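# Coordinate analysis (summary)
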Amino acid sequence: MSRQTLLFALLFLVALAAWQLGDIELVPEPPTEVENYQPDFTAKNLVTTRFDADGRRTERLESEYAEYYQILEQATFNKPVVYMFDKQGEAEWKVTADTGVLNTDDNVILRDKVHLDGLLPTSFISTLDTPYLELDLVTQNVRSNQKVSIVGKDFQTEGVGLKGHLERQYFELLDQSHAIYFNEKR
C-alpha cells in the first residue's frame, strides 16, 4: 500500500468517526420578531398649550398631523410650530420645521427646514435657520450639529454646530463660523 492510499484511508476513518460521534442535533435559531409599532393615537391640526403654576402660557405646539407612540414614549409631528413665551406671557420665539419628535423628557428634535424667529423687538436674533435643531422645552437649551445661519439686527453669522439658551439669548457657533457686522448709520 502506498503512503498516499494510507493517508486517504486514515482521513476517511477520522471523518467517519467524527460523523458518528458528532451526531449532535442543531437547535434552530428562534425567529426574530419584527417590531411594527402602531400609534396609540393620531391627530390632525393639533394644538396644545402648556401653562405654568400661575396660569401663564409657557409653550404652544401646533402640528398638521401628529402620532403618539406610548411604547416609545414619543410623539411625531408633520409641520410642527413651537411657540415659547416669556415670563409676561408674550410670544418670544417661534420655531417651525418640516418634521419633529417630542420625547417624554420634553426634548423636541426638529428636522428639515428648521426656522426660528425672535418675535420680540428686544430679541438678540431675528432668525435662525438650520436643517436640525434639538430644543429642551424645560431648560430652553438649543443645540445642533448641522450648518446654522443666524441673522440679528446688526449682524449675520454662519457656522457648523450650535449650542445656546433661548431665555438668556446666548448662542454659540461651534465650528467654521464667520460673521458680518453692520455699523449703525450716524
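All chains use their own residue numbering, which begins from 1 and follows the written sequence. Per-residue local features of the predicted model are confined to residues with pLDDT of at least 70, and side-chain atom pairs are confined, for both listing and counting, to 80 or more; whole-chain, interface and lining totals are unaffected and use all residues. As a rule here, side-chain values cover all heavy atoms of the structure and leave hydrogens and water aside.

Going by what an unreviewed UniProt entry lists, the chain is known as Lipopolysaccharide export system protein LptC and is assigned to Aeromonas popoffii. Reading the Sequence similarities (unreviewed entry) entry of the UniProt record for the chain gives the comment "Belongs to the LptC family." UniProt positions are given in the numbering used here, feature names are shortened, and annotations may be inferred rather than shown by experiment.

Exposure above 30% relative accessible area and the absence of a salt bridge qualify a residue for a patch, where like charges join within 9 Å and nonpolar side chains (Val, Leu, Ile, Met, Phe, Trp, Tyr) within 5 Å. Methods summary: accessible areas were calculated by the Shrake-Rupley approach with a probe of 1.4 Å, and residue burial reflects only the protein chains presented. Salt bridge, as applied in this entry: a Lys or Arg side-chain nitrogen positioned within 4 Å of an Asp or Glu carboxyl oxygen. Together, L7, L10 and V14 make up an exposed nonpolar region whose accessible area comes to about 300 Å². For the purposes of this entry, the term helix denotes a DSSP run of H or I that reaches at least four residues, the term strand denotes a run of E that reaches at least two, and both are numbered from the N terminus. Along the polypeptide, L7 turns up in helix α1 (residues 3–21). Buried residues are those whose accessible area, probed at 1.4 Å on protein chains only, stays under 20% of the maximum for their type, while exposed residues exceed 50% and partly exposed ones sit between those limits. Classification of L7 as exposed rests on a relative accessible area of 56%.

Turning next to the pairing of strand β2 (residues 57–69). By definition, two strands form a pair when at least two bridges between them are found by DSSP. As judged from the ten bridges shared by strand β1 (residues 41–51) and β2, these two strands associate in the antiparallel manner. Considered in β2, the bridge of F41 is made with Y68. Both β2 and strand β4 (residues 81–85) contribute to a ladder of four bridges, which runs antiparallel. Looking at the pairing, R60 lines up with Y83 of β4.

Phi at K79 is positive, roughly 55°, even though this residue is not glycine. Along the chain, the position of K79 falls in the loop between β3 (74–78) and β4. A residue is classified by how much of its surface remains accessible, and K79, at 37% relative accessible area, is partly exposed. In this structure, Q140 is a non-glycine residue whose phi angle is positive, near 65°. You can call Q140 buried: its relative accessible area is 10%.

Time to look at the side chain of T130. Relative to the helices and strands, T130 is located in strand β8 (residues 125–136). Filtering out sequence-adjacent residues up to four positions away, T130 remains in contact with K113, V114, S144, Q146, K147 and V148. The criterion used for residue contact is that any of the two residues' heavy atoms lie within 4.5 Å.

What follows is about the pattern of salt bridges. Scanning the entire structure with this criterion turns up nine salt bridges. The partner of R56 in a salt bridge is D52, with the nearest N and O atoms 3.5 Å apart. Residue K87 pairs with E167 through a salt bridge whose shortest N-O separation is 3.3 Å. Taken together, the residues K87 in the loop between β4 and β5 (91–96) and E167 in the loop between β10 (155–165) and β11 (170–181) connect sequence positions 80 residues apart. Judged by its relative accessible area of 56%, K87 is exposed. A residue is classified by how much of its surface remains accessible, and E167, at 43% relative accessible area, is partly exposed.

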